[in-house]
Number of protein chains: 2
Amino acid sequence: MTAAHPVAQLTAEAYPKVKRNPNFKVLDSEDLAYFRSILSNDEILNSQAPEELASFNQDWMKKYRGQSNLILLPNSTDKVSKIMKYCNDKKLAVVPQGGNTDLVGASVPVFDEIVLSLRNMNKVRDFDPVSGTFKCDAGVVMRDAHQFLHDHDHIFPLDLPSRNNCQVGGVVSTNAGGLNFLRYGSLHGNVLGLEVVLPNGEIISNINALRKDNTGYDLKQLFIGAEGTIGVVTGVSIVAAAKPKALNAVFFGIENFDTVQKLFVKAKSELSEILSAFEFMDRGSIECTIEYLKDLPFPLENQHNFYVLIETSGSNKRHDDEKLTAFLKDTTDSKLISEGMMAKDKADFDRLWTWRKSVPTACNSYGGMYKYDMSLQLKDLYSVSAAVTERLNAAGLIGDAPKPVVKSCGYGHVGDGNIHLNIAVREFTKQIEDLLEPFVYEYIASKKGSISAEHGIGFHKKGKLHYTRSDIEIRFMKDIKNHYDPNGILNPYKYI
Amino acid sequence: MTAAHPVAQLTAEAYPKVKRNPNFKVLDSEDLAYFRSILSNDEILNSQAPEELASFNQDWMKKYRGQSNLILLPNSTDKVSKIMKYCNDKKLAVVPQGGNTDLVGASVPVFDEIVLSLRNMNKVRDFDPVSGTFKCDAGVVMRDAHQFLHDHDHIFPLDLPSRNNCQVGGVVSTNAGGLNFLRYGSLHGNVLGLEVVLPNGEIISNINALRKDNTGYDLKQLFIGAEGTIGVVTGVSIVAAAKPKALNAVFFGIENFDTVQKLFVKAKSELSEILSAFEFMDRGSIECTIEYLKDLPFPLENQHNFYVLIETSGSNKRHDDEKLTAFLKDTTDSKLISEGMMAKDKADFDRLWTWRKSVPTACNSYGGMYKYDMSLQLKDLYSVSAAVTERLNAAGLIGDAPKPVVKSCGYGHVGDGNIHLNIAVREFTKQIEDLLEPFVYEYIASKKGSISAEHGIGFHKKGKLHYTRSDIEIRFMKDIKNHYDPNGILNPYKYI
Ligand SMILES: Cc1cc2nc3c(=O)[nH]c(=O)nc-3n(C[C@H](O)[C@H](O)[C@H](O)COP(=O)(O)OP(=O)(O)OC[C@H]3O[C@@H](n4cnc5c(N)ncnc54)[C@H](O)[C@@H]3O)c2cc1C
Ligand SMILES: Cc1cc2nc3c(=O)[nH]c(=O)nc-3n(C[C@H](O)[C@H](O)[C@H](O)COP(=O)(O)OP(=O)(O)OC[C@H]3O[C@@H](n4cnc5c(N)ncnc54)[C@H](O)[C@@H]3O)c2cc1C
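- As recorded in UniProt, chain A goes by the name D-2-hydroxyglutarate--pyruvate transhydrogenase DLD3, listed as coming from Saccharomyces cerevisiae.
- Check the Subcellular location section of the UniProt entry for chain A; it says "Cytoplasm".

### Observations concerning the relation of the copies chain A and chain B
And then number 1: For the pair chain A and chain B, the superposition axis carries a translation of 0.0 Å, the fit reaches an RMSD of 0.0 Å, and the rotation angle comes to 180°. The relationship between the two copies is best expressed as a two-fold rotation axis. By C-alpha distance to the rotation axis, the residue of chain A lying nearest is Gly189(A), at 2.0 Å.
And then number 2: Both copies share a contact surface, since 100% of the interface residues of chain A are interface residues in chain B too.

### Some points on the interface of chain A and chain B
And then number 1: Listed per partner, the contact involves 87 residues of chain A and 87 residues of chain B.
And then number 2: Taking both sides of the interface into account, the surface hidden between chain A and chain B amounts to around 6,800 Å²; carbon and sulfur atoms contribute 55%.
And then number 3: Close ionic contact of Glu202(A) with Arg475(B) constitutes a salt bridge, the shortest N to O distance being 2.4 Å.
And then number 4: Across the contact surface, chain A and chain B share 47 residue pairs in polar contact (both at pLDDT 80 or more).
And then number 5: Taken together, the elements giving at least two residues each to the side of chain A that touches chain B come down to helix H7 (181-184), helix H8 (187-190), strand E9 (203-205), helix H9 (220-223), helix H10 (257-270), helix H12 (317-333) and helix H18 (471-484) of chain A.
And then number 6: Of the residues assigned to the side of chain A that touches chain B, the class counts are 30 nonpolar, 35 polar and 22 charged.

### Some thoughts on the pattern of salt bridges
And then number 1: Across all of its chains, the model carries 60 salt bridges over all chains by this definition.
And then number 2: Across the pair Asp350(A) and Lys346(A) runs a salt bridge, and its minimum N-O distance is 2.9 Å. You can see Asp350(A) and its partner Lys346(A) sitting in helix H13 (residues 346-357), four residues apart, about one turn around the helix.
And then number 3: Note that Asp348(B) and Arg351(B) form a salt bridge whose closest N and O atoms lie 3.0 Å from each other. Separated by three residues within a single helix, Asp348(B) and Arg351(B) lie in helix H13 (residues 346-357), roughly one turn from each other.
And then number 4: Look at Asp348(B) and you get buried, because its relative accessible area is 4%.
And then number 5: Linked through salt bridges whose partners overlap, the residues forming this network are Lys25(A), Asp28(A) and Asp31(A).

### Structural notes on helix H3 (residues 50-57) of chain B
Residue and element names in this part refer to chain B.
And then number 1: Within H3, burial applies to Leu53, Phe56 and Asn57. For H3, the angular spread of the buried residues around the axis is 100°, confining them to a single face.
And then number 2: Tucked into the core, H3 has its buried residues touching strand E1 (44-46), strand E2 (70-72), strand E3 (94-97) and strand E4 (114-117).

### Remarks on the site of ligand 2
All names here are of chain B.
And then number 1: Surveying the vicinity of ligand 2 reveals 36 residues, the closest of which are Pro96, Gly98, Gly99, Thr101 and Ser162.
And then number 2: Between glutamine 167 and ligand 2, the recorded distance is 2.8 Å, taken from a backbone N or O atom to an oxygen atom.
And then number 3: With respect to ligand 2, the backbone of glycine 228 contributes an N or O atom lying 3.5 Å from a nitrogen atom.
And then number 4: Compared with its free state, where it exposes 960 Å², ligand 2 has 99% of that area covered by protein.
And then number 5: Listing elements by their share of the shell around ligand 2, those giving two or more residues are E3, helix H6 (168-174) and strand E10 (232-239).

### Observations regarding the packing of H10(A) against H12(A)
Residue and element names in this part refer to chain A.
And then number 1: It is the contact of H10 with H12, at a shortest axis distance of 11 Å, that shows an interaxial angle of 150°. Classified by the interaxial angle, the pair formed by H10 and H12 is roughly antiparallel. In this structure, H10 meets H12 at a crossing whose hand is right-handed. Across the interface between the two elements, Leu263, Lys266, Ala267 and Glu270 of H10 pack against Phe327, Asp330 and Thr331 of H12.

### Side note on the sheet that holds E3(B)
All names here are of chain B.
And then number 1: The four strands are arranged E1-E2-E4-E3 in an open sheet whose pairing can be described as mixed. The strands lining the two open edges of the sheet, one partner per strand, are E1 and E3. The mean angle between the axes of side-by-side strands here comes to 20°, regardless of whether they run parallel or antiparallel.
And then number 2: Alignment of E2 against E4, held across two bridges, turns out to be parallel. For isoleucine 71, the partnering residue across the bridge sits in E4 and is valine 115.
And then number 3: In this fold helix H2 (residues 29-38) packs onto E1, E2 and E4, with an angle of close to 150° to the strand it touches most, E1.
And then number 4: With respect to the sheet, helix H4 (residues 77-90) is in contact with E2, E3 and E4, its orientation differing from that of E4 by roughly 160°.

### Describing the side chain of His420(A)
Residues and elements named next belong to chain A.
And then number 1: Counting through the fold element by element, histidine 420 comes out in strand E18 (residues 418-425).
And then number 2: Exposure remark for histidine 420: the relative accessible area of 3% places this residue in the buried category.
And then number 3: There is a polar contact of 3.4 Å between the side chain of histidine 420 and the side chain of aspartate 373.
And then number 4: Within polar-contact distance, the side chain of histidine 420 engages the side chain of glutamate 454 at 2.9 Å.

Definitions and cut-offs
Residues numbered from 1 in each chain as written. Chains lettered and ligands numbered in written order. Predicted model: local features only at pLDDT ≥ 70, side-chain atom pairs only at ≥ 80, totals over all residues. Heavy atoms only, no water. UniProt positions renumbered as here; feature names shortened; annotations may be inferred. Least-squares fit on C-alpha atoms with pLDDT ≥ 70 in both. Contact = heavy atoms within 4.5 Å. Buried area = accessible area lost by both parts, 1.4 Å probe. Salt bridge = Lys/Arg side-chain N within 4 Å of Asp/Glu carboxyl O. Polar contact = N/O pair within 3.5 Å; in protein donor to acceptor, adjacent residues only side chain to side chain. Helix = DSSP H or I, 4+ residues; strand = E, 2+ residues; numbered from the N terminus. Nonpolar A, V, L, I, M, F, W, Y, C, P; charged D, E, K, R; others polar. Buried < 20%, exposed > 50% of the residue type's maximum accessible area, 1.4 Å probe, protein only. Arc of directions from axis to C-beta. Near = heavy atom within 4 Å. Areas by Shrake-Rupley, 256 points an atom, 1.4 Å probe, with all protein chains shown as cover. Axes fitted to C-alpha atoms, helices over the stretch in contact; angles between N-to-C directions. Parallel < 35°, antiparallel > 145°, perpendicular 65-115°, else oblique. Left-handed = near helix turned anticlockwise from the far one by under 90°. Pairing = 2+ DSSP bridges.

Below, the structure written as structure tokens:
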């Protein structure tokens, strides 16, 4: 269903102003010999496997491409520690990589950095069904963590469309938000402990921490969302939630964003403790998704300007259905919504979610996409998308080939005041980029929003922090980076 | 109802090994003149008001007493900034103080430190009913924050028995847990932004942050639970939850702690999303409380070894009552519980809670108490209390006057694996303290628990972190302290 995979331009060529840091050593045969002495064959990939090398070098959006010649895939914390100590001593730059599903160019090298993949650290370590504490290696794929917990009557307190590839450690390093943030809240509240290898190889761990622990500054918090710039997360402990006994969903068609807001306030008040997701998509997002999922019948009869997916989860199916049915009836009677469809069963529930979860992949299927992820006050949430579409339209860039832009789409997590903007393109061009930036950032800054709600900074937004953060905050962040990683070898050219 | 207020021994006399840091300046008339130049009369208290001075010097447990001669109560962030800059330049030591309800000797001076009270910074700044974002000065009393949000159909995501006195900034600085942690989770997840004055007077703020913001290291997290050692919190932004439309509670009598655990697992599974508190008390806790609340009829017919209070909150009274009634019937039929009583109405609900909320004050009403607050795996949770009671009993210290110990009580937040130990005493003696410490800490360390679940470190547990934290963690914490507060003037002699 996806278009042919183009190869991204080399990041170093697309952004010639970014120069390789000459303090970093260039990998040589002695280094390779050292890594071979501590790792087995299946824990090392180099130029003998060019295709695999390529997949670690290129990002999911096909927008960034690095030139690493070495991928290390250690299978233990101890080996990660040895690798980091060696790299720090030799000043070899390193990019930690999880599932490589990141959307800001954070997880791939820019030049010849070594990729340190967590893929082989993929074991569940422990689960306590009484407290819900789940401990695992950082490289456990999100889908597997979900499956494990599902089998133990619990759920991972975060889910997202990249679940088949992204890893627990990657999600923690990004401080991802995802689809059920509204219900289960932030990773800053749910992560109980982390095991982290510092740039100098030291291991700092509080992975055995219990639910509550007020013994000193909460150091683990700094690593949540640090995007691999101050340490390599090797283990994660998180509090899982009890598996809901009842799940339900409704899909709404709505004519304007004002009504989306009203619906949200109503849902918060009436569905309250069973409301577990409130997601929206605009017309463009769904048009791309209809094209992408061509064999799947769309759940509503008509097309609308906006769509909302509401999910409920609770412990009593009858009670939940009663609440949701009343809600649907009420919103229909009062003509708040144009059309609504409630899932009849689990298969239906999954189908409804497919229309939300496929949006990013659908938008990415034409060649690539420009992607922005922002927080705004709810009243301003959609305005940024409208402004960008207008701007690209005015420049005559949106339309059928050979125009470069297929569609400009807005969708996201209304419940969290978080919108994603996907500019689905046939190719990446300087003209589009110049129209988008700094326009988008300035727009967000003027509304006092955040230029990154959940995807992070990475390469894409490095140097843009001042749109959201003050000078003193940025100074303190730089201090943290210098303190933990004085040689600057971890994920250079990015973040701060 | 409380016993006469004894005056605590001076901390400096009770702990003669702790010496005043000679680098700190002794307050003189020039300093006073400066403070008078920036503050009005009602923002300064000194030796002309000895009684008020005394109340800022002594802690809630009557266990610690400092010797400060100056209390500053600025009414703006700007004034806090000026005060801190001056104190930092002159090396005058400062103790930030909220409601002074802290239980580890963190909020009162040890020697002659200036007390910086947030009491006059008591305004709500902003509330957005759509997103639930609540912004206020740090000195807003928790009760007032609750009242404000209640009037706006929301609730503060934390409540605790000290709500009439403790402040929003104090609770954040302690990273308090409280009674509804089980439902609303940790402050690390709920606090959206903080405004903080650093020791050198600089103001660092992200108080306008929205629900989600991934722009760099999450600096605010370090101040949550920092107990005033690296900055003065002057403003807090937090996400409030929608006010539940239905509240209910049941009070259970139970014969052993094994059954308490079984009841918890059952409640998590069957009450699930409406379960908002699961609290337990042992026989001793309730005996003290019956004595303390002498005019109030106890809700159960008989006395039991353990008591459990379950609270539910949700959006539909009929649904919730149905779930809770089924739960009560089921646990009674299966003889899991000995006796159970469900609240008939709001007054009843409040009465049931009184029996839990009064435990700390009741235990403190005989003269004072030794207090421990620990996290343990649920299976081990009560064992520490049993071990301590046995130890004090073996030494013949518990009983009627003149024995020094009235009762040794265990109670707390089962849902969070958090037990409080209150040793209600007629007087503090070296013999009791030597029996308790390091015994309690070693016991907790042997079970891999935390020596502070929610009350923090303060003066009481300074130097005890190694029972829960590794050397490298402690080293990193010391680095943080030195980085933010190089002169060490903020809350000295405590924490790390
Ligand atoms: C289709 C799709 C949908 C998405 N939907 C959402 C969504 O709803 N919400 C959301 O928040 N995000 C979403 N994302 C982006 C999200 O950031 C990633 O899916 C996820 O957080 C990254 O996990 P990963 O394991 O792939 O990490 P990577 O992409 O490999 O890495 C992400 C960052 O973390 C670092 N890192 C990775 N692992 C470690 C480690 N063990 N230790 C230290 N640093 C490490 C990397 O260096 C990089 O900086 C989506 C992505 C895709 C492709
Ligand atoms: C009866 C009773 C019941 C309690 N129940 C619970 C409970 O269930 N759960 C729980 O977690 N705790 C409980 N506590 C203890 C709890 O720590 C406090 O009630 C609360 O967190 C402290 O708030 P406060 O404003 O009184 O802060 P204070 O006691 O004044 O100060 C606490 C610490 O924070 C610092 N501080 C205060 N304000 C600021 C500020 N603005 N900026 C920087 N530092 C500051 C102080 O220096 C001190 O180190 C209870 C206490 C009592 C007396």
